Amino acid sequence: MSIQKINHLKELESESIYAIREVAAQFERPAMLFSGGKDSIVMFHLARKAFYPAKVPFPLLHIDTGHNFSETIRFRDNLAEKYKVTMLVEYVQDTIDQQKVTEEKGIGASRNGLQTVTLLDAIEKHKIDAAMGGGRRDEEKARAKERFFSHRDAFGQWDPKNQRPELWHIYNGKKKHGEHFRVFPISNWTEMDVWQYILMESIEIPSLYFTQKLEVFQRDGVWLAKAPFMEMRENEKTEIKEARCRTIGDITCTGVTLSKAASLQDIIEEIAATRVTERGGRADDKRSESAMEDRKKNGYF
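Below is a short write-up of the structure. (Residues numbered from 1 in each chain as written. Predicted model: local features only at pLDDT ≥ 70, side-chain atom pairs only at ≥ 80, totals over all residues. Heavy atoms only, no water.)

## Section: the pairing of strand β6 (residues 180-183)
Inclusion rule: Here's how the labels work: a residue is buried when its accessible area is under 20% of the maximum for its type, exposed when over 50%, partly exposed in between, all with a 1.4 Å probe on protein chains only. By definition, any uninterrupted DSSP run of H or I lasting at least four residues is a helix, any uninterrupted run of E lasting at least two residues is a strand, and each is numbered from the N terminus. Strand pairing follows a simple DSSP-based rule, namely that at least 2 bridges must link the two strands.
Here β6 shows no split at all, with His-180 and Arg-182 on one side and Phe-181 and Val-183 on the other all buried. Inspection of the sheet shows strand β4 (residues 130-132) paired to β6 by three bridges, in the parallel sense. The residue of β6 that forms the bridge with Met-132 is Val-183. Across four bridges, the pairing between strand β5 (residues 149-152) and β6 is antiparallel. Paired with His-151 across the bridge in β6 is Phe-181.

Here it is in structure tokens:
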């Protein structure tokens, strides 16, 4: 890796650590959203650096849809045990059982969108006033509109037209009772930056990111991993393919990539050559032209 690239990554690291420290300084009960994906893993690594040698001074929060990859859950639990960090877990199934949301049925059903209600309930339950997320501006056009400190009203809603200026990295965390903030410390990172930083820092990640033999099927041009709770069409058949996850989320809407990438260097080279965006295989983003922005306005990550 070139000196220029290392310096670039160090600048991003410094910016993110500054944002995380600002959260700790300005808010009383912050938490860091954790999915077990590469972005949240990098964000937690940055938090450890921000407060070393002390422990990370806030809990991690995972919204568990119940339809996660089993490896993601094992990785989450192992990380919490290894670093002795508090891991708050809230379940979408509880929200369904409480009849606060209605579970989708049929072909293409997903719990991904139901996470919003569970997340807002968790924020209220744990009195979280700042929830840090691993969203990046290069991921999707709605996320490109986010500030580092993104204000949410008393209903947990986001107004993209009413965001506060952040000149000279001055973050305004003032809020009224009942309001909270979503904070995005790695906003300015790209997917390539994340992977090169993982390589540079030797950060452990789930093996789902590396090529392995998976049982998959194709739907609407997207390869999906087969799971017992996924209903298939009559013409859909599973195959064993060499594939990997480029992004990790709810199995029902997380597309996998047919790939030969077995190492971090392979992944970096693959991403450098691809013309498909990172979220190009996310079925939840394809439901409408403004799917992500609509979800975010209602309180999504």
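Picking up where we left off.
## Things to note about the sheet that holds β6
Inclusion rule: Axis definition: a line fit to C-alpha positions, over the contact stretch in the case of helices; interaxial angles, taken between N-to-C directions, run 0 to 180 degrees. Should any heavy atoms of two residues lie within 4.5 Å, those residues are considered in contact.
The strand order across the open sheet formed by six strands is β3-β2-β1-β4-β6-β5, and the pairing between neighbours is mixed. With partners counted over all chains shown, the strands left at the sheet margins are β3 (87-91) and β5, one partner each. Each strand of the sheet is rotated relative to its neighbour by a mean of 30°, with strand direction disregarded. Judged from the two bridges that link them, strand β1 (residues 30-33) and strand β2 (residues 60-64) form a sheet pairing that is parallel. Paired with Met-32 across the two strands is Leu-60, which belongs to β2. Where helix α1 (residues 3-26) meets the sheet, it contacts β1, β4, β5 and β6, and its direction lies at approximately 45° from that of β5. The strands touched by helix α5 (residues 115-125) are β1, β2, β3 and β6; relative to β2, the strand with the most contacts, the crossing angle is about 145°.

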